[in-house]
Amino acid sequence: MEATATAEKALRKLRTDGLVRGIHGIGTEVLDRPSPMSSGSQRQDRGRRSGSSWGAGERSDSHQASVVSAPADVAQALDIKPGSDVIRRSRVHRDRHGIVAHSTSWIPAQYGKAIPQLAKSERLTGGTSLQLIAQITGSPITHRIDTVAARLLTPEDAELLELDAAKPSREPVVVMMAKFVNSAGDVVEYGVDLGSPGRTWQTESEVVQ
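Residues numbered from 1 in each chain as written. Predicted model: local features only at pLDDT ≥ 70, side-chain atom pairs only at ≥ 80, totals over all residues. Heavy atoms only, no water.

An unreviewed UniProt entry lists the protein under the name GntR family transcriptional regulator, with Streptomyces virginiae as the source organism.

Here is the structure:
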(Lines give C-alpha, C1' and ligand atoms only; values in the text may rest on other atoms or scores of the structure.)
Protein backbone atom coordinates (compact mmCIF):
# COMPACT_ATOMS: atom_id res chain seq x y z
CA MET A 1 0.00 0.00 0.00
CA GLU A 2 2.81 2.38 0.85
CA ALA A 3 4.46 1.74 -2.55
CA THR A 4 1.15 2.45 -4.33
CA ALA A 5 0.68 5.71 -2.43
CA THR A 6 4.23 6.76 -3.27
CA ALA A 7 3.69 5.99 -6.95
CA GLU A 8 0.42 7.94 -7.03
CA LYS A 9 2.11 10.90 -5.34
CA ALA A 10 4.91 10.81 -7.92
CA LEU A 11 2.39 10.71 -10.79
CA ARG A 12 0.52 13.70 -9.35
CA LYS A 13 3.79 15.64 -9.25
CA LEU A 14 4.56 14.71 -12.86
CA ARG A 15 1.09 15.83 -13.96
CA THR A 16 1.49 19.12 -12.10
CA ASP A 17 4.84 19.70 -13.81
CA GLY A 18 3.28 18.94 -17.19
CA LEU A 19 5.47 15.90 -17.82
CA VAL A 20 2.66 13.35 -18.10
CA ARG A 21 -1.09 13.32 -18.61
CA GLY A 22 -3.78 10.78 -17.86
CA ILE A 23 -5.83 9.38 -20.75
CA HIS A 24 -9.19 7.89 -19.76
CA GLY A 25 -9.34 4.15 -20.36
CA ILE A 26 -5.72 3.97 -21.51
CA GLY A 27 -3.36 5.10 -18.81
CA THR A 28 -0.63 7.71 -18.54
CA GLU A 29 1.16 9.35 -21.47
CA VAL A 30 4.61 10.90 -21.17
CA LEU A 31 4.74 14.39 -22.66
CA ASP A 32 7.79 15.94 -24.24
CA ARG A 33 8.90 19.29 -22.90
CA PRO A 34 9.07 22.46 -25.00
CA SER A 35 12.39 22.89 -26.75
CA PRO A 36 14.77 25.57 -25.43
CA MET A 37 14.42 29.10 -26.74
CA SER A 38 16.13 29.83 -30.02
CA SER A 39 18.15 32.98 -30.57
CA GLY A 40 19.44 34.70 -33.69
CA SER A 41 22.97 33.65 -32.80
CA GLN A 42 21.97 30.02 -32.43
CA ARG A 43 20.06 30.11 -35.71
CA GLN A 44 23.15 31.54 -37.40
CA ASP A 45 25.29 28.74 -35.93
CA ARG A 46 22.80 26.05 -36.99
CA GLY A 47 22.71 27.47 -40.49
CA ARG A 48 26.49 27.24 -40.79
CA ARG A 49 26.58 23.67 -39.48
CA SER A 50 23.59 22.13 -41.22
CA GLY A 51 22.41 24.57 -43.87
CA SER A 52 19.14 25.12 -41.98
CA SER A 53 18.67 27.68 -39.23
CA TRP A 54 15.49 26.11 -37.88
CA GLY A 55 15.23 24.34 -34.53
CA ALA A 56 13.29 21.08 -34.20
CA GLY A 57 9.69 21.66 -35.35
CA GLU A 58 10.26 25.43 -35.48
CA ARG A 59 8.65 27.89 -37.88
CA SER A 60 8.15 31.64 -38.03
CA ASP A 61 5.24 33.94 -38.79
CA SER A 62 3.93 37.47 -38.12
CA HIS A 63 6.74 39.03 -40.15
CA GLN A 64 6.68 42.82 -39.83
CA ALA A 65 9.10 45.44 -41.13
CA SER A 66 9.24 49.22 -41.21
CA VAL A 67 11.67 52.14 -41.14
CA VAL A 68 11.66 53.84 -37.72
CA SER A 69 13.78 56.20 -35.65
CA ALA A 70 16.44 54.37 -33.68
CA PRO A 71 15.80 54.21 -29.91
CA ALA A 72 18.80 55.17 -27.78
CA ASP A 73 19.80 51.58 -26.92
CA VAL A 74 19.55 50.48 -30.54
CA ALA A 75 21.54 53.50 -31.75
CA GLN A 76 24.26 52.69 -29.24
CA ALA A 77 24.39 49.04 -30.32
CA LEU A 78 24.59 49.98 -34.02
CA ASP A 79 27.03 52.85 -33.35
CA ILE A 80 24.76 55.43 -35.01
CA LYS A 81 23.14 58.65 -33.82
CA PRO A 82 19.91 58.30 -31.79
CA GLY A 83 16.93 59.06 -33.99
CA SER A 84 18.67 57.87 -37.16
CA ASP A 85 16.56 55.82 -39.54
CA VAL A 86 16.76 52.07 -38.97
CA ILE A 87 14.90 49.09 -40.34
CA ARG A 88 13.00 47.20 -37.67
CA ARG A 89 12.15 43.61 -38.62
CA SER A 90 10.20 41.38 -36.24
CA ARG A 91 8.75 37.88 -36.31
CA VAL A 92 7.53 35.18 -33.98
CA HIS A 93 9.21 31.78 -33.79
CA ARG A 94 6.99 28.86 -32.76
CA ASP A 95 7.13 25.13 -32.28
CA ARG A 96 4.25 22.78 -31.53
CA HIS A 97 4.26 23.85 -27.88
CA GLY A 98 3.69 27.52 -28.72
CA ILE A 99 5.88 30.59 -29.01
CA VAL A 100 9.60 29.94 -28.69
CA ALA A 101 10.67 33.58 -28.95
CA HIS A 102 9.79 36.97 -30.38
CA SER A 103 12.67 38.25 -32.48
CA THR A 104 13.51 41.79 -33.54
CA SER A 105 16.30 42.76 -35.92
CA TRP A 106 17.51 46.35 -36.14
CA ILE A 107 19.40 47.19 -39.35
CA PRO A 108 20.87 50.55 -40.47
CA ALA A 109 18.55 52.02 -43.11
CA GLN A 110 21.38 52.40 -45.62
CA TYR A 111 21.19 48.67 -46.37
CA GLY A 112 17.51 48.97 -47.22
CA LYS A 113 18.36 51.16 -50.23
CA ALA A 114 20.35 48.32 -51.78
CA ILE A 115 18.07 45.53 -50.48
CA PRO A 116 14.45 46.88 -50.60
CA GLN A 117 12.92 43.66 -49.27
CA LEU A 118 14.52 44.29 -45.87
CA ALA A 119 11.84 46.92 -45.23
CA LYS A 120 8.92 44.76 -46.44
CA SER A 121 6.64 42.87 -44.05
CA GLU A 122 7.28 39.44 -45.47
CA ARG A 123 9.67 36.54 -45.06
CA LEU A 124 13.03 37.24 -46.71
CA THR A 125 13.97 35.32 -49.84
CA GLY A 126 17.44 34.55 -51.15
CA GLY A 127 19.01 34.26 -47.70
CA THR A 128 18.94 35.77 -44.24
CA SER A 129 19.34 39.51 -43.71
CA LEU A 130 22.99 38.95 -42.77
CA GLN A 131 23.65 36.90 -45.89
CA LEU A 132 21.93 39.46 -48.14
CA ILE A 133 23.90 42.33 -46.62
CA ALA A 134 27.18 40.42 -46.94
CA GLN A 135 26.43 39.69 -50.61
CA ILE A 136 25.67 43.31 -51.49
CA THR A 137 28.60 44.81 -49.55
CA GLY A 138 31.19 42.11 -50.19
CA SER A 139 32.03 42.17 -46.45
CA PRO A 140 31.18 38.91 -44.66
CA ILE A 141 30.14 38.74 -41.02
CA THR A 142 33.33 38.05 -39.10
CA HIS A 143 32.21 38.13 -35.47
CA ARG A 144 29.32 38.83 -33.16
CA ILE A 145 28.86 39.99 -29.59
CA ASP A 146 26.28 38.06 -27.55
CA THR A 147 24.64 39.31 -24.35
CA VAL A 148 22.13 37.38 -22.24
CA ALA A 149 19.85 38.77 -19.53
CA ALA A 150 16.74 37.71 -17.62
CA ARG A 151 13.85 39.78 -16.34
CA LEU A 152 10.32 39.46 -15.08
CA LEU A 153 7.63 39.59 -17.74
CA THR A 154 6.44 43.13 -18.55
CA PRO A 155 3.08 44.06 -20.14
CA GLU A 156 4.97 44.87 -23.35
CA ASP A 157 6.63 41.44 -23.27
CA ALA A 158 3.24 39.77 -22.73
CA GLU A 159 1.83 41.50 -25.81
CA LEU A 160 4.76 40.42 -27.99
CA LEU A 161 4.50 36.83 -26.72
CA GLU A 162 0.70 36.78 -27.10
CA LEU A 163 0.14 36.21 -23.39
CA ASP A 164 -2.64 37.46 -21.14
CA ALA A 165 -1.13 40.48 -19.34
CA ALA A 166 -3.79 40.08 -16.64
CA LYS A 167 -2.24 36.73 -15.71
CA PRO A 168 1.43 37.59 -15.15
CA SER A 169 3.92 34.73 -15.28
CA ARG A 170 6.13 34.16 -12.27
CA GLU A 171 8.82 32.69 -14.50
CA PRO A 172 11.46 35.08 -15.82
CA VAL A 173 11.96 35.59 -19.53
CA VAL A 174 15.34 35.25 -21.19
CA VAL A 175 16.45 38.14 -23.39
CA MET A 176 19.29 37.51 -25.84
CA MET A 177 20.98 40.35 -27.71
CA ALA A 178 23.52 39.99 -30.50
CA LYS A 179 25.56 42.50 -32.50
CA PHE A 180 26.77 41.22 -35.87
CA VAL A 181 29.96 42.84 -37.18
CA ASN A 182 31.39 42.52 -40.70
CA SER A 183 34.97 42.44 -41.97
CA ALA A 184 34.92 46.23 -42.38
CA GLY A 185 34.22 46.64 -38.68
CA ASP A 186 30.63 47.82 -39.20
CA VAL A 187 27.76 46.61 -36.99
CA VAL A 188 25.27 45.57 -39.67
CA GLU A 189 22.55 44.17 -37.41
CA TYR A 190 21.45 44.18 -33.79
CA GLY A 191 19.15 41.33 -32.84
CA VAL A 192 16.97 40.99 -29.73
CA ASP A 193 15.27 37.67 -28.93
CA LEU A 194 12.66 37.55 -26.18
CA GLY A 195 12.10 33.99 -24.97
CA SER A 196 8.69 32.79 -23.90
CA PRO A 197 8.29 32.11 -20.12
CA GLY A 198 9.48 28.64 -19.22
CA ARG A 199 11.92 28.46 -22.11
CA THR A 200 15.54 28.00 -21.18
CA TRP A 201 18.72 28.95 -23.00
CA GLN A 202 20.76 25.96 -24.07
CA THR A 203 24.01 25.80 -26.02
CA GLU A 204 26.14 22.92 -27.18
CA SER A 205 29.88 23.25 -27.76
CA GLU A 206 32.59 20.88 -28.81
CA VAL A 207 35.34 20.28 -26.24
CA VAL A 208 38.82 20.00 -27.72
CA GLN A 209 40.91 17.45 -25.86
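Next comes the rest of the description.
Chemist: Talk me through the sheet that holds strand β7 (residues 173–182); I want residue IDs and the actual numbers.
Modeler: Taken together, the 6 strands give an open sheet; going across it, the order is β3-β4-β5-β8-β7-β6, and neighbouring strands pair in antiparallel fashion. One side of each edge strand has no neighbouring strand; the edge strands of this open sheet are β3 (59–69) and β6 (141–151). Shown here is a sheet whose adjacent strand axes are inclined to one another by a mean of 15°, direction ignored. Relative to strand β4 (residues 85–95), β3 is paired through 9 bridges, and the arrangement is antiparallel. Directly across from Val68, in β4, lies its bridge partner Val86. (Pairing = 2+ DSSP bridges. Helix = DSSP H or I, 4+ residues; strand = E, 2+ residues; numbered from the N terminus. Axes fitted to C-alpha atoms, helices over the stretch in contact; angles between N-to-C directions.)

Chemist: Tell me about the environment of Tyr111, and name the residues and values.
Modeler: Here Tyr111 lies in helix α4 (residues 110–114). A relative accessible area of 7% means that Tyr111 is categorised as buried. Remark: the alpha-carbon pair of Tyr111 and Val86, spanning 25 residues in sequence, is separated by 9.3 Å. For Tyr111, the residues in contact, after removing those within four places along its chain, are Leu118, Ile133, Thr137, Asp186 and Val188. (Buried < 20%, exposed > 50% of the residue type's maximum accessible area, 1.4 Å probe, protein only. Contact = heavy atoms within 4.5 Å.)

Chemist: Outline the pattern of salt bridges, supporting the account with residue identities and numerical values.
Modeler: A full pass over the atoms with the stated rule returns 5 salt bridges. Across the pair Arg199 and Asp95 runs a salt bridge whose closest N-O atoms are separated by 2.9 Å. In this pair, Arg199 sits in the segment after β8 (187–195) while Asp95 sits in strand β4, placing the two residues 104 residues apart along the sequence. You'll find Arg199 and Asp95 in the same group, each marked buried. Between Asp157 and Arg151 there is a salt bridge; the shortest N-O distance is 2.7 Å. Here Asp157 falls in the buried class, since its relative accessible area comes to 3%. Within the structure, one salt-bridge network assembled from shared partners comprises Asp61, Arg94 and Glu162. (Salt bridge = Lys/Arg side-chain N within 4 Å of Asp/Glu carboxyl O.)

Chemist: Now, about the side chain of Asp193: what can you tell me, with residues and values included?
Modeler: Relative to the elements of secondary structure, Asp193 occurs in strand β8. Classification of Asp193 by relative accessible area gives buried; the value is 4%.

Chemist: Go over the environment of Ser69 with me, naming the residues and quoting the values.
Modeler: Structurally, Ser69 is set in strand β3. Between the alpha carbons of Ser69 and Lys81 there is a distance of 9.8 Å; along the sequence they are 12 residues apart. Sequence-distant contacts of Ser69, defined by excluding residues within four places in its chain, comprise Gly83, Ser84 and Val86.

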